[in-house]
Amino acid sequence: MSRKLSGFKAWVVQRVSAIYMGIYLVYVLQHFILVPPVTYQDLTMWLASPVVIISMALFFLLLLLHAWIGVRDVVIDYVHHLGLRLAVLALIAVLLVGCGFSVLRSLILVAT
Amino acid sequence: MKFSIYRYDPESDESPRMVDYELESIPRGMMLLGALLELKKQDETLSFRRSCGEGVCGSDGMNVNGKNRLACLTPVEGLAEPIMLRPLPGLPVIRDLIIDMSQFYRQYRAVKPWLVNNDPEPEYERLQSPQDRDKLDGLYECILCACCSTSCPSFWWNPDKFLGPAALLQANRYIQDSRDQATDERLDALEDPYKLFRCHTIMNCVDVCPKDLNPTAAIGHIKQMMLKRSV
């Protein structure tokens, strides 16, 4: 797994995703502070806009990638036994992919 | 002045132990190396490396009160007592304060610390502009004392795969050199997840370097070079 996502590429993805998430969080915060949705309808209306929903989906995708790279780094540092490393990485991958599906389901539910 | 020094002879001792020593009088301005030489008069089995005594050879790196330093550049005055002396952490102990530096040197060798230039040899020398020469400042001064690499947790966990701050500083020294023609190959060699990217920028190396060098900045420069050539 670490071969596929090389050290350099992983580092770039981690940096770029951090920048996007930083900017996106500021955007979401200012939206909720300046134009707070009062009802559930307000919220779904806001989320129905393709720009909002796509930028949010991108945020969660990058969040999962960022988390994967970070946890993978910790595992590479500390878990040296091959079998154990594979097991831990697989467990984390399943968890993150599960989170991804759950986010996707929620986004689809809210947007439709 | 009280000292507590790590003693271990793998051939005869089952496990390492800390042994107390005391020096009656410390002359003003005495360096730790001077104190160790005095202690060696009391107990000649006490072993440590030393050579030039003035921070040029890099032989007497050791862990002083929890921080890696050169004994010859560390004034005894001002150190908290008892002064705890241990070998540099993370590498095998040969005896007392002497560590086996083979792994450290292997990583140094791995960055090909020499100029790669395939042009025909010039009659006198390979010239460099003063500006290009300036880029090597802060890189060429490293004396390979291993204080930085042995203070780096990433090097402790993966000493065989992560090159460590000392070797990476030298990698950058040749990457920055205008006369070197192997920049691409050098960058290629560092792209995997281990050799360079085990560095998590905690800057222990900068904290301990007795020559006030900045391996973390050097590692940052290498990453920048990788980024530049990929976009």
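We now turn to the structure provided with this report. Every value quoted in this text rests on a predicted model; they were computed, and no experiment measured them.

Okay, the pattern of salt bridges next. Evaluation of the coordinates by the stated rule reveals 18 salt bridges over all chains. The residue Asp-73 of chain A makes a salt bridge to Arg-198 of chain B at a minimum N-O spacing of 2.6 Å. Of this pair, Asp-73 of chain A sits in helix α3 (residues 50-78) while Arg-198 of chain B sits in the loop between α6 (183-189) and α7 (204-208), each in a different chain. Like Arg-198 of chain B, Asp-73 of chain A is buried. Asp-184 of chain B is the partner of Arg-229 of chain B in a salt bridge, and the nearest nitrogen-oxygen pair spans 2.8 Å. Of this pair, Arg-229 of chain B sits in helix α8 (residues 215-230) while Asp-184 of chain B sits in helix α6, and the two are 45 residues apart along the sequence. Classification of Arg-229 of chain B by relative accessible area gives partly exposed; the value is 32%. It is possible to trace a salt-bridge network through shared partners that takes in Asp-184, Asp-188, Glu-191 and Arg-229 of chain B.

The next thing to look at is helix α2 (residues 102-110) of chain B. All names here are of chain B. Those residues of α2 that fall on the buried side of the exposure criterion are Gln-103, Phe-104 and Gln-107. Burial along α2 is one-sided: seen end-on, the buried residues are contained in an arc of 105°. Against α4 (153-157) and α5 (165-176) lie the buried residues of α2. Looking one or two places after α2, you find Lys-112, whose phi comes out positive at around 50°.

Tallying each qualifying case throughout the model produces 11 aromatic pairs over all chains. When the centroid spacing of 5.2 Å and the interplanar angle of 80° are considered together, the rings of Phe-59 of chain A and Phe-60 of chain A count as edge-to-face. With centroids separated by 5.9 Å and ring planes inclined at 75°, the aromatic side chains of Trp-156 of chain B and Trp-157 of chain B adopt a geometry described as edge-to-face. Through pairs of rings, three or more aromatic residues link up here, namely Tyr-20, Tyr-24, Tyr-27, Phe-59 and Phe-60 of chain A. Of note, Lys-40 of chain B hangs over the ring of Phe-48 of chain B, and the distance from its end group to the ring centre comes to 5.9 Å. The side chain of Arg-133 of chain B reaches across the aromatic face of Tyr-140 of chain B, ending 4.9 Å from its centre.

Our next topic: the pairing of strand β5 (residues 83-86) of chain B. Residue and element names in this part refer to chain B. Here β5 shows a buried face lined by Ile-83 and Leu-85 and an unburied face lined by Met-84 and Arg-86. Sheet topology note: the strand β1 (residues 2-7)/β5 ladder contains three bridges and is parallel. Bridging across to β5, Phe-3 finds its partner in Ile-83. Examined bridge by bridge, strand β3 (residues 61-64) and β5 share two bridges and lie antiparallel to one another. Residue pairing across strands places Asn-63 opposite Arg-86, the latter belonging to β5.

Cut-off values and rules
Residues numbered from 1 in each chain as written. Chains lettered and ligands numbered in written order. Predicted model: local features only at pLDDT ≥ 70, side-chain atom pairs only at ≥ 80, totals over all residues. Heavy atoms only, no water. Salt bridge = Lys/Arg side-chain N within 4 Å of Asp/Glu carboxyl O. Helix = DSSP H or I, 4+ residues; strand = E, 2+ residues; numbered from the N terminus. Buried < 20%, exposed > 50% of the residue type's maximum accessible area, 1.4 Å probe, protein only. Arc of directions from axis to C-beta. Contact = heavy atoms within 4.5 Å. Phe/Tyr/Trp six-rings, centres within 6.5 Å; stacked < 30°, edge-to-face > 60°. Lys NZ or Arg CZ within 6 Å of the ring centre and 35° of its normal. Pairing = 2+ DSSP bridges.

Note that all results are geometric; they support no functional claim without further evidence.
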